[in-house]
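Fold and contact review
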Amino acid sequence: MSLLDTDQIRQDFPILDRTVTSGEQLVYLDNAASTQRPRAVIEAMDDCYLRYYSNVHRGIHTLSEESTRAYEAARRTTAGFLNASSTQEIIFTAGTTAAINTVARSWGDANVSSTDVILTLISEHHANIVPWHQLAARTGCRVEFIPMDENFEISDTVVAEYLDRFKPKMFAFAAASNTLGSEYPVQRWTSLAHDHGATVLIDAAQAAPHQQIDVQQWAADFLVFSGHKVCGPTGIGVLYGKRELLDAMPAFLGGGGMILNVTTEGFTTHELPEKFEAGTPPIVEAIGLAAALDYLSSIGMDRIHAHERVLGERVDAGLRQIDGVRVIGPSADKKAGINSFLIEGVHAHDVSQFLDGRGVAVRAGHHCTMPLHQAIGVTATTRASCYLYNTPAEVDRLLEAVAGVRAKFAKSGRRRRSRRSVE
Ligand code: PMP
């Protein structure tokens, strides 16, 4: 597997050249939380603000028409990125969280009752758990979780067993886990779920940045992702839904933009996709998102994925060699660029702080996956996540720094222990 030309790519990301407070050159490995933006995205957004920004759809003047054209072109780019069959299936939202909440509210309230089950994975992000808990509080339905085995894996057999046992109304799962890094067999699980009569929501927040998505091939009923994890802006995300599902769903938010007619008695809703885009939409963010998707596509999702595999394997193998380090996730061939780990006797926050002192930006905590952390009996892990602009040399700086944590805390642990023994 080959690496991307990172010298070239990094020229598009000036932020990566900076140093951090400690004076060290930045090594940005917090990409699962949010990625950086290339110049093309910043310039596309600036260009809109500087030359043609206006509110969309409603104005009959040049700027509004130009903004509307760019906003709708962004929808076409997004439909192309996902291989959706129609732009009407692409709803711009504020992000993955907003998109899942829209489905849980709109589809959920209309279709789910007290005898139903929503099935998900124990490794899910809170964004794909809490909206279902809230739906359960409203309707009396149950939320069930598929567990992992001791290797942090979930087999097709276990998925089929849970689908069989619970006959869920909805199977909502992440295509890739933001903590374990696991990439799940989306097409197989979607097909299994459909065989059991479930509707499927795919949380692609950690898949869209790293792999080719094809909603038609995957037969996704719903698929969601966020702009800021694909080198795009914050404040925008995507809800893809099969047209017949979206058509049958009631509007979630009410207001301007989503109506055809309003009277003192009531209202009628607009066609798709406007029906689900109440209020002024994230216009410039959509334009930035489209620039980001074009940027990634110009490099090639398969090449990006291959690059991350190489880096991810290097992180995984390196961490496993450091005494006292435990990788929380499956083997390297089952995940992309995300690696979470524990260092014996050292809190994840201390690890992160020490690494920051070496210029290495990682994330520490539960990564919004508390049920997963509860299942493995820890409160926090440290997570290093690579992206297309990271290099093997940066991975080596991470590994050196992690080895440094062990050395430092092993020593201070000895000091603390010896002080205690004197007291
Ligand atoms: N799902 C997954 C798998 C994620 O990684 C994230 C972001 N960490 C989310 C959902 C939520 O995304 P956002 O905060 O952009 O709404």
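Residues numbered from 1 in each chain as written. Predicted model: local features only at pLDDT ≥ 70, side-chain atom pairs only at ≥ 80, totals over all residues. Heavy atoms only, no water.

1. Considering the overall build of the chain
When you go through the chain residue by residue, the secondary structure sums to 14 helices and 15 strands. Radius of gyration (C-alpha) of the chain: 23 Å, near the 22 Å computed for a compact globule of 423 residues. In terms of overall dimensions, the chain has a C-alpha envelope of 80 × 55 × 45 Å along the principal axes. When burial is assessed residue by residue, the chain has 57% of its 423 residues classed as buried. In the chain, the share of contacts with a sequence separation of at least 24, taken over all contacts with a separation of at least 6, comes to 72%. Accessible surface, the chain as shown: approximately 17700 Å² in total, 49% of it carbon and sulfur. Averaged over its 40 positive side-chain charges, the chain has a centre that lies 8 Å from the centre of its 49 negative ones. (Helix = DSSP H or I, 4+ residues; strand = E, 2+ residues; numbered from the N terminus. Rg over C-alpha atoms; globule rule 2.2 N^0.38 Å. Buried < 20%, exposed > 50% of the residue type's maximum accessible area, 1.4 Å probe, protein only. Contact = heavy atoms within 4.5 Å. Areas by Shrake-Rupley, 256 points an atom, 1.4 Å probe, with all protein chains shown as cover. Lys, Arg positive; Asp, Glu negative; His and termini not counted. Charge placed at Lys NZ, Arg CZ, Asp CG, Glu CD.)

2. Let's talk about the sheet that holds strand 14 (residues 363-365)
Strands sit in the order 11-12-15-14 across an open sheet of four strands; the sheet is antiparallel. Because the sheet does not close on itself, it has two edges, and the strands there are strand 11 (325-328) and strand 14. Mean inter-strand twist for the sheet, computed between neighbouring axes without regard to direction, equals 30 degrees. Contacts between helix 11 (residues 301-321) and the sheet are confined to strand 11 and strand 12 (338-343), with strand 12 contributing the most and set at about 15 degrees to the helix. The strands touched by helix 12 (residues 348-357) are strand 12, strand 14 and strand 15 (381-385); relative to strand 14, the strand with the most contacts, the crossing angle is about 165 degrees. (Pairing = 2+ DSSP bridges. Axes fitted to C-alpha atoms, helices over the stretch in contact; angles between N-to-C directions.)

3. Side note on the site of the ligand
In the vicinity of the ligand, the contacting residues are Thr-96, Thr-97, His-125, Ala-127, Asn-178, Asp-203, Ala-205, Gln-206, Ser-226, His-228 and Lys-229. The side chain of His-125 places a nitrogen or oxygen atom 3.3 Å from a nitrogen atom of the ligand. Asp-203 is positioned with one of its side-chain polar atoms (N or O) 2.6 Å from a nitrogen atom of the ligand. For the ligand, the accessible surface in isolation is 400 Å², of which the surrounding protein chains cover 85%. Looking at the shell around the ligand, its residues break down into two nonpolar, seven polar and two charged. (Near = heavy atom within 4 Å. Polar contact = N/O pair within 3.5 Å; in protein donor to acceptor, adjacent residues only side chain to side chain. Nonpolar A, V, L, I, M, F, W, Y, C, P; charged D, E, K, R; others polar.)

4. Regarding the pairing of strand 8 (residues 237-241)
Strand residues, when the strand is regular, have side chains that alternate between the two faces of the sheet. Burial runs high along strand 8: five of the five residues are buried. In this sheet, strand 8 lies alongside strand 2 (residues 90-93) in antiparallel orientation, the contact comprising four bridges. Within strand 8, the position partnered with Ile-90 by the bridge is Tyr-240. Pairing geometry for strand 7 (residues 222-226) and strand 8, over five bridges, is antiparallel. In the sheet register, Phe-222 faces strand 8, and the bridge partner there is Gly-241.

5. Overview of a nonpolar patch on the surface
Among the surface-exposed residues, Tyr-49, Leu-50 and Tyr-53 lie close enough to one another that they form a single nonpolar patch of about 370 Å² accessible area. The residue Leu-50 is located in helix 2 (residues 39-52) in this model. (Patch = residues over 30% accessible without salt bridge, like charges linked within 9 Å, V, L, I, M, F, W, Y side chains within 5 Å. Salt bridge = Lys/Arg side-chain N within 4 Å of Asp/Glu carboxyl O.)

6. Examining the UniProt feature "domain: Aminotransferase class V" (unreviewed entry) in the chain
Look at the UniProt record and you will see "domain: Aminotransferase class V" (unreviewed entry) annotated at residues 27-398. Spanning residues 27-398, this segment combines 41% helix with 17% strand, and its end C-alpha atoms are found 8 Å apart. (UniProt positions renumbered as here; feature names shortened; annotations may be inferred.)

7. A closer look at the pairing of strand 5 (residues 170-174)
In terms of burial, strand 5 is largely enclosed, as five of its five residues are buried. Side chains of strand 5 alternate between two faces, with Met-170, Ala-172 and Ala-174 and Phe-171 and Phe-173 buried alike. As paired elements, strand 3 (residues 117-121) and strand 5 share two bridges and run parallel to each other. Residue Leu-119 lies in a different strand from strand 5, and its bridge partner there is Phe-171. As paired strands, strand 5 and strand 6 (residues 199-203) are joined by five bridges and run parallel to one another. Its bridge partner lying in strand 6, Ala-172 is registered against Leu-201. Each parallel crossover has a hand, and for strand 5 linked through helix 7 (residues 186-195) to strand 6 it is right-handed. (Right-handed = clockwise from strand over helix to strand, strands pointing away.)

8. As for the side chain of Asn-178
One can find Asn-178 in the loop between strand 5 and helix 7. Of note is the side chain of Asn-178, whose polar atom sits 2.9 Å from the backbone oxygen of His-367. Filtering out sequence-adjacent residues up to four positions away, Asn-178 remains in contact with Ala-32, Ser-123, His-125, Gln-206, Ile-338, His-367, Thr-369 and Arg-383.

9. Here we look at the sheet that holds strand 7
Strand order across the open sheet formed by seven strands is 2-8-7-6-5-3-4, with mixed pairing between neighbours. Both outer strands of the open sheet, strand 2 and strand 4 (142-146), are each paired with one neighbouring strand and no more. On average, adjacent strands in this sheet sit at an angle of 20 degrees to one another, irrespective of strand direction. Its contacts with the sheet put helix 3 (residues 62-82) on strand 2, strand 7 and strand 8, and the angle it makes with strand 2 is roughly 115 degrees.

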